[in-house]
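Tertiary structure, described
Letter by letter, the chains look like this.
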Amino acid sequence: MTPSSEAGLHCRGVGKRYGGTHALKSVDLDLPPGSVLALVGENGAGKSTLNSIIAGVVRPDDGEMTLDGVPYHPASPSEALHQGVALIHQEIRLLPELTVAENIFLGRLPVASGRIDRARMAREAGVVLDKLGVAVDPQRKVAGLSMAVQQGIEIAKAIIRRPRYVIFDEPTASLGGAEADRILEQVRALRDAGTGIIYVSHRLDEVMKIADRVICLRDGALVAGWERGHFTQQDIINAMVGREFTFEHRAPPPRGDRVVLQLDGVTRTGVFRDISFELARGEILGFAGLIGAGRTEVVRAIAGMDRFDQGEIKVDGKPVRYTSPSGAIEAGIFMVPEDRKGQGLNLGRTAAENITLPWEKRLTRNGMITRAVVAETGLRQKQRFDIRGRLDLPVSSMSGGNQQKVLLAKWLVEDPAVFIIDEPTRGVDVGAKMAIYEIIRTLAANGIAVIVVSSELEEVLGLCHRVLVMSKGNQRGILSREDATPARVMSLAVGA
Ligand SMILES: Nc1ncnc2c1ncn2[C@@H]1O[C@H](COP(=O)(O)OP(=O)(O)OP(=O)(O)O)[C@@H](O)[C@H]1O
Ligand SMILES: [Mg+2]
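Residues numbered from 1 in each chain as written. Chains lettered and ligands numbered in written order. Predicted model: local features only at pLDDT ≥ 70, side-chain atom pairs only at ≥ 80, totals over all residues. Heavy atoms only, no water.

Let's shift gears to the pairing of strand β1 (residues 9-18). Most of β1 sits inside the fold, with 8 of its 10 residues counted as buried. Of the pairings in the sheet, the one linking β1 to strand β4 (residues 62-67) comprises 5 bridges and is antiparallel in character. Each residue of the ladder has a partner; that of R12, found in β4, is E64. Bridging between β1 and strand β2 (residues 21-31) involves 7 bridges; their strand directions are antiparallel. If you follow K16 over to β2, its bridge partner there is L24. Hairpin connection of β1 to β2: 2 residues between the antiparallel strands, including G19 at a positive phi of 55 degrees. (Buried < 20%, exposed > 50% of the residue type's maximum accessible area, 1.4 Å probe, protein only. Helix = DSSP H or I, 4+ residues; strand = E, 2+ residues; numbered from the N terminus. Pairing = 2+ DSSP bridges.)

Around ligand 1 sit 19 residues in total, of which G44, K47, T49, Q90 and S397 are the nearest. Measuring from an oxygen atom of ligand 1, one finds a backbone N or O atom of G46 at 2.9 Å. The backbone of S397 places a nitrogen or oxygen atom 2.8 Å from an oxygen atom of ligand 1. Within the complex, 81% of the 640 Å² of free accessible area of ligand 1 lies under protein. For the shell around ligand 1, the secondary structure elements donating two or more residues are β2, α1 (47-54) and α15 (400-411). With 3 residues, α1 is the single largest residue contributor to the shell around ligand 1. Three or more residues apiece are contributed to the shell around ligand 1 by two domains, here domain 1 (9-241) and domain 3 (340-413). (Near = heavy atom within 4 Å. Polar contact = N/O pair within 3.5 Å; in protein donor to acceptor, adjacent residues only side chain to side chain. Areas by Shrake-Rupley, 256 points an atom, 1.4 Å probe, with all protein chains shown as cover. Domains from an automatic or database assignment.)

Quick look at helix α4 (residues 118-132) now. For α4, built from 15 residues, the straight-helix expectation of 21 Å at 1.5 Å per residue is met to within 8% by its first-to-last C-alpha distance of 21 Å. Every buried residue belonging to α4 is among M121, A122, A125, V128, L129 and L132, and all of these are buried. Considered in projection along α4, the buried side chains sweep an arc of 135 degrees and stay on one side of the axis. Within α4, the exposed residues directed more than 90 degrees away from the buried face are A119, R123, V127, D130 and K131. G133 sits one or two residues past α4 and shows a positive phi near 75 degrees. (Expected span 1.5 Å × (residues − 1). Arc of directions from axis to C-beta.)

Mapping L279 onto the fold places it in strand β14 (residues 272-280). The sequence separation of L279 and K405 amounts to 126 residues, and the corresponding C-alpha distance is 25 Å. Beyond its immediate stretch of four places on either side in the chain, L279 contacts V259, V260, L261, L285, V418, A449, V450, I451 and R466. (Contact = heavy atoms within 4.5 Å.)

Bringing the sheet that holds β2 into the picture now. As summarised here, the arrangement of the 4 strands in space is β2-β1-β4-β5, forming an open sheet in which the pairing is antiparallel. Two strands in the sheet have a free side with no partner beyond their single neighbour: β2 and β5 (70-71). For β4 and β5, the ladder comprises 2 bridges, and the chain directions are antiparallel. By the bridge assignment, L67 is partnered in β5 with V70.

As far as function goes, none of this settles anything; it's purely spatial.
Here it is, written out as structure tokens:
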């Protein structure tokens, strides 16, 4: 089959193998200019592989592609970009020590009379960031910026080059509702200006809103496709999972009455103030708020990753003082951080090694951690968390959603008293999401106190007994499950 000579991007029979994994099997794709093609599928279905091929990151083993009627075989991302195809990666890859503007212009810094034209760079970066609704000074370093802002910078970096085709690989995974809506607006604006867009998301409500056409991959093969207006969310879910599958929230198991964690006026000057709550055995407490409200900062302080300078934390009624994560772990408080790449996983090591890493001391036999113990522990966690992929390969070779499961599995080799999860289902498919919710419910049912930080309101409301809402570093209120309607949570979150 030869790809089309028509305008647009066309793939015919594109395939890719990674060793024994047939990641992509003879996939056809047609993307006309000025349209949005949504690409859906479970974790590991092959979405990023297909995107990487189109963007010149990876060479296909089989198949042909044409771009606006011309054969298209990009040998590198810069060649793809040169031909008008830009990819916004699933994982953020900015250089933290460079400024925002430098990151955006990397590879083509504007030069005026032999010097880098910093003023122009900052100005142009500012215009694009403004358009995207990203409030950040283009001249500051990227280090320390939130995931949401970094995601915005990645998008700015791609679109400032005015590509004719843009691939968004889960652009909203680290964003809240309001920020995600801005991205969707930007996608629409690009489309209306004639750009062809491939849009990958596990948030199916976004797909419903934005897609002109949807295609679904399963195990590397194309299994379904629909035109706008001719499908429901349930159709997509069934095609992804390959069977009838209902996604629903269930009430959490009843909570215990013994308080395990207590915060009293915990404050970090300039970041958050006066955080006070009690958390009981078996209770799931949600942290809601807009990006930047200070939720992550508070839980990091509870988990010993950051300091706080006023107030008190008690575990089982006793004041605790620790200045490191290992101190918090001693006190029974474990936390899964939000950034699986930066803080959560060592991507160069295998999944099994990642899982056993924090437990090496406890898992040793005769003072040595053996390969057998690593493999055994890895396998147990793989089964418990339904991790798909090889445990003996670098974790970087796993799909994003499966990396997320490895991250959870890593912190649940032993049961904590208090378990904190920041964005537990970022980039995770519907099936895995249900599995993760089930894991969280089971932890609670076993008496573990759980804190869930999430930008997905539905997730917080569907999972938690109570919801603590923050805005601008302040605790605005704690709502019971019954009182926590989306409207009430939102009105507290915006500080009304
Ligand atoms: N560099 C690699 N080496 C080995 N296997 C790989 C590599 N990259 C991807 N794979 C495998 O190819 C398959 C498809 O992965 P891919 O990342 O394309 O999935 P995805 O649909 O993007 O998933 P997610 O929704 O989790 O991001 C998976 O089985 C994955 O483990
Ligand atoms: Mg992916």
